[in-house]
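Tertiary structure, described
Listed below, chain by chain, are the residues.
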Amino acid sequence: MSGHDHGEDGVSRRKVLECMTWAGTGVLWTITGGVPRSLGIIDSAQAATAAVSGMTFLQISDSHVGFDKPANPNALGTLEEAVNKINAMAAKPSFMIHTGDITHLSKAAEFDNAERIISQSKLDVHYVPGEHDFLDEDVKFYRERYGRGTKGAGWYSFDAGGVHFVGLVNVVDLKAGGLGNLGTEQLAWLEDDLRGKSKSTPIVLFAHIPLWTVYPEWGWGTEDGGRALEYVKGFGSVTVLNGHIHQVMQKVEGNVTFHTARSTAFPQPAPGTAPSPGPMKVEDARLRAMLGVASINFKQNEQRLAIIDTPLQG
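The rules we used
Residues numbered from 1 in each chain as written. Predicted model: local features only at pLDDT ≥ 70, side-chain atom pairs only at ≥ 80, totals over all residues. Heavy atoms only, no water. Buried < 20%, exposed > 50% of the residue type's maximum accessible area, 1.4 Å probe, protein only. Helix = DSSP H or I, 4+ residues; strand = E, 2+ residues; numbered from the N terminus. Arc of directions from axis to C-beta. Contact = heavy atoms within 4.5 Å. pLDDT = per-residue confidence, 0-100. Core = buried A, V, L, I, M, F, W, Y, C linked by side-chain atoms within 4.5 Å. Polar contact = N/O pair within 3.5 Å; in protein donor to acceptor, adjacent residues only side chain to side chain. Pairing = 2+ DSSP bridges. Right-handed = clockwise from strand over helix to strand, strands pointing away. Phe/Tyr/Trp six-rings, centres within 6.5 Å; stacked < 30°, edge-to-face > 60°. Lys NZ or Arg CZ within 6 Å of the ring centre and 35° of its normal.

Considered for burial, the residues of helix α6 (residues 184-194) that qualify are Gln186, Leu187, Trp189, Leu190, Asp193 and Leu194. One side of α6 carries all its buried residues, which in axial view fall inside an arc of 160°. Looking at α6, the residues exposed on the side facing more than 90 degrees away from the buried face are Thr184 and Glu185. The elements touched by buried residues of α6 are β6 (156-160), β7 (163-167), β8 (203-206) and α7 (225-230). Two residues or fewer past α6, Gly196 is found with a positive phi of approximately 90°.

The following block contains the structure:
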């Protein structure tokens, strides 16, 4: 899970993540000085208590509205379950981030259906596209809904609760099975966007494909992601949120914590455990334990991050 996992701490962290995936329980993570520490398996009451003291936002990913294959014949239905779970949270989040693949085939009706369900959360939602959102000619459906006021292919930044958020696009001109890419124009914009920011400002980068190399054989990484990470290495607290791989993975490198989210639609195999990536059929009873959402809490004036991954069923 992490380039820094070793010894008893590494084993316990892996076991926590395994328990979270298979038993369907949330895990609370904190960050102090850029180093994550698992507080262990928690219940919803503890999660709500942890969220009260700081700004909380949600991450959902890979809703793949329109997908109807055996891995999940009703991806719209499980997205609605995720939104219902969000609406039932004791502490209302400040906003939500969607890290791409909103739709499966970039059809207008798929975007309409996704908006109809996600809007039921009554939260402001900040989107970045996945490759499945860029399939239509001229990418007009994504651009019309979510691209207004953004730069280039859809990148942008905003500030909330003392945190600087940067939405990046790494799914343009993807080759089949190839790594994601940001491109020189976007990287130049990112460098300029971060220039002048206080090094004590917490930074959150979010994009669809992981900015770190998870498994290059499957295209699970961003070929020029290292250049983006160079621009944030001087900041004290950096969090990178991604989707695409449909499973929870954590990695820590210095001051940067990487976190990939579950899908709300279907799981994918762990890296290298199948001939190729793609929708993974599991027993119906296990499906909802492998789908879910993430809640992230920042406590102002402290380098402290809590990530709570919550399956749809557990």
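Bringing the confidence of the model for the protein into the picture now. Mean pLDDT over the protein works out to 82, with 80% of the residues at or above the 70 mark. In this model, residues 1-53 is a region of pLDDT below 50 whose contacts with residues beyond four sequence positions or in other chains number 108 contacts.

Ranked by internal contacts, the top residues of the largest apolar core, which has 56 residues, are Tyr142, Leu168, Leu190, Leu205, Val232 and Val240. Excluding its chain neighbours within four sequence positions, the residues that come into contact with Leu168 are Val128, Trp155, Leu182, Gln186, Trp189, Leu190, Phe206, Ala207 and Leu211.

What follows is about the side chain of Gln186. The topology assignment puts Gln186 in helix α6. Assessed through its relative accessible area of 2%, Gln186 is described here as buried. A distance of 2.7 Å separates a polar side-chain atom of Gln186 from the backbone oxygen of Val169. What Gln186 contacts, discounting residues up to four positions off in sequence, is Trp155, Leu168 and Val169.

This paragraph deals with unusual backbone geometry. Residues other than glycine seldom take positive phi values, yet Asp101 does so here, at roughly 55°. Relative to the helices and strands, Asp101 is located in the loop between β4 (95-98) and α4 (108-118). Judged by relative accessible area, Asp101 falls into the buried class, the value being 1%. Of note in the backbone geometry, Asp138 takes a positive phi value of approximately 65° without being a glycine. Mapping Asp138 onto the fold places it in the loop between β5 (125-127) and α5 (140-146). Overall, the relative accessible area of 60% leaves Asp138 in the exposed class.

On to the pairing of strand β11 (residues 256-260). Across the 5 residues that make up β11, a large majority, 5, are buried. Because side chains alternate across β11, one face comprises the buried residues Val256, Phe258 and Thr260, and the other comprises Thr257 and His259, equally buried. Bridge analysis of strand β9 (residues 238-242) against β11 gives 5 bridges, and the strand direction is parallel. Counterpart to Thr239 in the pairing with β11 is Thr257.

Moving on, we get to the pairing of β4. The two faces of a sheet get side chains in turn, since along a regular strand they alternate between them. By the alternation rule, side chains of β4 split into Phe95 and Ile97 and Met96 and His98, which are all buried. Bridge count for strand β3 (residues 55-60) against β4 is 4 bridges, and the pairing is parallel. Following the sheet pairing, Gln59 is matched in β4 by Ile97. For the crossover from β3 across helix α3 (residues 75-87) to β4, the handedness is right-handed. Running through α4, the crossover from β4 to the neighbouring parallel element β5 is right-handed.

Now for the side chain of His64. Along the polypeptide, His64 turns up in the loop between β3 and α3. A polar side-chain atom of His64 sits 3.3 Å from a polar atom in the side chain of His246. Those residues in contact with His64 that lie beyond four places of it in its chain are Ala75, Asp101, Ile102, Thr103, His104, His132, His246, Ala265 and Phe266.

With that out of the way, let us pick up the packing of aromatic side chains. For the coordinates displayed, the defined rule picks out 15 aromatic pairs. Aromatic side chains Phe134 and Tyr142 sit 5.6 Å apart centroid to centroid with 70° between the ring planes, which places their arrangement in the edge-to-face category. Each member of the pair, Phe134 together with Tyr142, is buried. Among the aromatic residues, ring-to-ring pairing joins Phe57, Phe95, Tyr156, Phe158, Phe165 and Phe206 into one connected group. Here Lys199 stacks its cationic end above the ring of Phe235, 4.3 Å away from the centre of that ring.

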